[in-house]
Amino acid sequence: MNPTLHLLGLPHTVTRPEFSHCAYSMKVMRFSPMLRSVGYNVIHYGNEGATSGANEQVNVLSKEEMEKYLGGYNPSGPKFVGDVADIAHPIYKEFNSRLHNILKDRVEPTDIICLPFGYGHQEAVQGLDATLLETGIGYPQTCTNFRIFESQVWYNWVIGRENKTGHDYNWVIPNYYNIAEWTVQKEKGKYLLFFGRICEPKGMQIVLEIAKHRPDLTVVLCGQGDPIPYMKYDNIEYQRPVFGAERDALLGNALAVIMPTRYVEPFGGVTVEANLTGTPVLGSSYGSFTETIDQGFTGYRCNTLGDWLAGIEQIEEWGPSHREYIASVTRTKYDMYALAHDYDNVIKQIVDLQGKGWYSFRSSIGPVTKAIAA
């Protein structure tokens, strides 16, 4: 029998599409239907108004209480939602304090508590008699023994930073998407799109250089943050943050998405979202782009200005069949209902520790048929 999964929502957001600019909130939103599809009972703990798709929704903070702590925060506004993603923030303190008491009364020793934001919930799970699993690590500081990372690059980066060796009970599963939410656009668009947090660490100076050298192309900036310092050329336009069908259309109708991130990107989900519509991506030469961009097929990884400009020129020559190919391979790789089986395997390996543990013959690779008993 599968263990019950207790899924913890983020204190500073609501698990619903309006917070699509928060990658962790969207991973929470897709997690419940993904795991329910392979037979798990999932209980979601979050703020009022969540549409998590879980078997049961437990409210931790009301809408009025969120309003009090966040001061009327608008998820579609320019202010970056991550500014309050801080365990010292009052909303985290109150959320985790309440959540701890709720979980203490509901969680059984055989259950698994799923932490999509890791250390953000440490205070809530401290001292509880249950297995803790970090379900999609894209942050630098981890807090449990059982850990799922969202890219191999990030797994290696974290254990290198921690000066640790690898561990058989750490896994890598890429982020997962409901492919039905994305429309394949076969015809190439007319604009370049920067889609993400508008700030220097995301490579805005490179975006400006591209705009400067391709004045014939409109460059759209869409995301949270202040766009004013970057509105330097006539061909740069600003678009407020979007979600749902608007997000699908904006990504799908772009010629290409540009992601010149200056830090080591743990996953960069916009790459996958763009590719799900058939839109290619130009990204940095390092970080998760080495896993999510298939060079010359789904986009290009770029080092110099020449690379960025040449990549755009190459993509301008791509026809409808190339965009169909991008969408097809991406949908195969990141479909959440296919990746549900990877999560199911992880959970079963954890449960196996109550039996034969590492020595169990059960495997996701295939049946063991030739083992000879010692």
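Report on the accompanying structure. Residue positions are given per chain, counted from 1 along the sequence in the order it is written. Reporting of local features is limited, given that this is a predicted model, to residues whose pLDDT is at least 70; pairs of side-chain atoms are given and counted only at 80 or more, and all residues count toward the totals for whole chains, interfaces and linings. The side-chain values count all of the structure's non-hydrogen atoms but skip hydrogen atoms and water molecules.

Some thoughts on a nonpolar patch on the surface
Cut-off, in case you're wondering: Think of a patch as exposed residues, more than 30% relative accessible area, with no salt bridge, where like charges cluster within 9 Å and nonpolar side chains (Val, Leu, Ile, Met, Phe, Trp, Tyr) cluster within 5 Å. Residue-level accessible areas treat just the shown protein chains as cover; the underlying method is Shrake-Rupley with a 1.4 Å probe. Salt bridge, as used here, is a side-chain nitrogen of Lys or Arg placed within 4 Å of a carboxyl oxygen of Asp or Glu. Working definition: helices are DSSP H or I runs of at least four residues, strands are E runs of at least two. Numbering for both runs from the N terminus. Summary of the burial criterion: residues with accessible area below 20% of their type's maximum are buried, those above 50% are exposed, and those between are partly exposed, where the area comes from a 1.4 Å probe applied to protein chains only.
Taken together, the side chains of Phe 297, Tyr 325 and Val 329 define a hydrophobic patch exposed on the protein surface, amounting to about 250 Å² of accessible area. Tracing the chain through its elements places Phe 297 in the loop between α9 (289–292) and β13 (299–302). Accessibility expressed as a relative area gives 42% for Phe 297, which makes it partly exposed.

Quick look at the sheet that holds strand β2 (residues 42–46)
Operational definition: Being paired, for any two strands, means DSSP has found at least two bridges between them. The angle between two axes is taken between their N-to-C directions and runs from 0 to 180 degrees, where each axis is a line fitted to C-alpha atoms and a helix contributes only its stretch in contact. Whether two residues are in contact is decided by their heavy atoms: any pair within 4.5 Å suffices.
Spatial strand order, β3-β2-β1-β4-β5-β6-β7: seven strands in an open sheet with parallel pairing. Two strands close off the open sheet at either side, each with one partner strand: β3 (56–59) and β7 (170–172). Averaged over all pairs of adjacent strands, the angle between their axes in this sheet comes to 20 degrees, without regard to strand direction. Across the sheet, helix α3 (residues 90–106) is in contact with β1 (5–8), β2 and β3; its angle to β2 comes to roughly 155 degrees. Against the sheet, helix α12 (residues 336–352) contacts β1, β4 (112–115), β5 (131–137), β6 (146–149) and β7, and its axis sits at roughly 155 degrees relative to β5.

Things to note about helix α5 (residues 152–161)
What counts here: Picture the helix axis, draw a direction to every C-beta atom, and the arc is the one those directions span.
Listed as buried for α5 are Trp 154, Tyr 155, Val 158 and Ile 159. The buried side chains of α5 occupy one side of the element, clustering within an arc of 125 degrees when seen end-on. α5 presents Gly 160 and Arg 161 as exposed residues on the side facing more than 90 degrees away from its buried surface. Packed against the buried residues of α5 are β5, β6 and β7. Directly after α5, the chain includes Asn 163, whose backbone phi takes a positive value near 55 degrees.

Here we look at unusual backbone geometry
Unlike most non-glycine residues, Asn 163 shows phi in positive territory, near 55 degrees. With respect to the helices and strands, the residue Asn 163 is situated in the loop between α5 and β7.

A word on helix α1 (residues 23–36)
Going by this rule: Multiply 1.5 Å by the residue count of a helix minus one, and that product is the helix's expected span.
With 14 residues, α1 should reach 20 Å at 1.5 Å per residue; the first-to-last C-alpha distance of 21 Å fits that figure. Along α1, eleven of the 14 residues are buried, which leaves the element largely enclosed by surrounding structure. The complete set of buried residues in α1 reads Tyr 24, Ser 25, Met 26, Lys 27, Val 28, Met 29, Arg 30, Phe 31, Ser 32, Met 34 and Leu 35. Elements in contact with the buried residues of α1: β1, β2, β4, β5 and α12.

Re the side chain of Arg 323
Our working definition: Working convention for charge: Lys and Arg count positive, Asp and Glu count negative, and His plus the chain ends are omitted.
Tracing the sequence through the fold places Arg 323 in helix α11 (residues 320–334). Look at Arg 323: it is buried, it has no salt bridge, and the nearest opposite charge is Glu 187 at 7.7 Å. Setting aside its immediate chain neighbours within four residues, Arg 323 contacts Gln 185, Lys 186, Glu 187, Lys 188, Gly 189, Gly 252, Ala 254, Leu 255, Thr 277, Gly 278, Thr 279 and Pro 280.

What to know about the pattern of salt bridges
This model, assessed by the stated rule, comprises 16 salt bridges. The closest approach of N and O atoms between Glu 56 and Arg 106, which form a salt bridge, is 2.7 Å. In this pair, Glu 56 sits in strand β3 while Arg 106 sits in helix α3, placing the two residues 50 residues apart along the sequence. Measuring nitrogen to oxygen at the nearest pair gives 2.7 Å for the salt bridge that ties Glu 94 to Arg 98. Linking Glu 94 with Arg 98, this pair stays in helix α3, spanning four residues, or about one helical turn. Arg 98 sits in the partly exposed class, given a relative accessible area of 27%. What you see here is one network of salt bridges that share partners, running through Glu 65, Glu 94 and Arg 98.

Observations regarding the sheet that holds strand β10 (residues 236–239)
One open sheet accounts for six strands, arranged β10-β9-β8-β11-β12-β13; its pairing is parallel. For this open sheet the edge positions go to β10 and β13, each flanked by a neighbour on one side alone. The mean inter-strand angle of the sheet, taken between neighbouring strand axes irrespective of direction, is 25 degrees. As paired strands, strand β8 (residues 191–195) and strand β11 (residues 256–259) are joined by two bridges and run parallel to one another. What sits directly across from Leu 192, in β11, is Ala 256. Across the sheet, helix α8 (residues 269–276) touches β8, β11 and β12 (281–284), and the angle it forms with β11 is around 175 degrees.

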